[in-house]
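The residues making up each chain are set out below.
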Amino acid sequence: MTALVLDLAVQRGMAMSALRRDLTTALHELGEDHLYDVQLVVTELVTNVLDHTPGSGRLRILHHVDPCAVTIEVDDESPVEPVYGRSRLGEHRGRGIVVVDKLSRDWGCRSRDGSGKTVFALVDCSGG
């Protein structure tokens, strides 16, 4: 079974602390370590929208029950794909996709028919 547990607009000025609280509520049955991984991946992908795209976006969280996994999908209006390990914002930035890669079973990017892209990540929560 798969359930859409969160569907939110990504907008300039949104509070990451409120987003993390929403995630905690929506995914309350996850263990603390898995929840932390999901929160970190979500924070990185949402921050990419806010830092690297001209507009707003959309965040969807899907919880797969058996086996346990969480899919994070973030839409934005830019056709530019995320870059692994580099940032145009300076040398101390740009590690977000590296973090996403390390914490996710799978991640990637797909075009949305000329209206931007969706960046997705799948976080496994079935193991200890």
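Parameters at a glance
- Residues numbered from 1 in each chain as written.
- Predicted model: local features only at pLDDT ≥ 70, side-chain atom pairs only at ≥ 80, totals over all residues.
- Heavy atoms only, no water.
- Core = buried A, V, L, I, M, F, W, Y, C linked by side-chain atoms within 4.5 Å.
- Buried < 20%, exposed > 50% of the residue type's maximum accessible area, 1.4 Å probe, protein only.
- Helix = DSSP H or I, 4+ residues; strand = E, 2+ residues; numbered from the N terminus.
- Contact = heavy atoms within 4.5 Å.
- Polar contact = N/O pair within 3.5 Å; in protein donor to acceptor, adjacent residues only side chain to side chain.

**Topic: the nonpolar core**
- In terms of nonpolar packing, the biggest core is built from 27 residues, with V38, V42, L45, L59, I61 and I72 touching the most fellow members.
- Counting only elements with at least two residues in this core, the list comes to β1 (2–10), α1 (16–26), α2 (32–52), β2 (57–64), β3 (69–76), α3 (96–103) and β5 (117–124).
- For this core, the element with the highest residue contribution is α2, accounting for 8 residues.
- Excluding anything up to four places from it in sequence, I72 contacts V38, V41, V42, L45, L59, R60, I61, V119, F120, A121 and V123.

**Remarks on the side chain of K117**
- Tracing the sequence through the fold places K117 in strand β5.
- According to the relative accessible area criterion, K117 is buried, its value standing at 5%.
- At 3.1 Å, the side chain of K117 forms a polar contact with the backbone oxygen of S78.
- Beyond its immediate sequence surroundings of up to four residues, K117 is in contact with T53, V74, D75, D76, S78, V80, E81, P82, C109, R110, S111 and R112.

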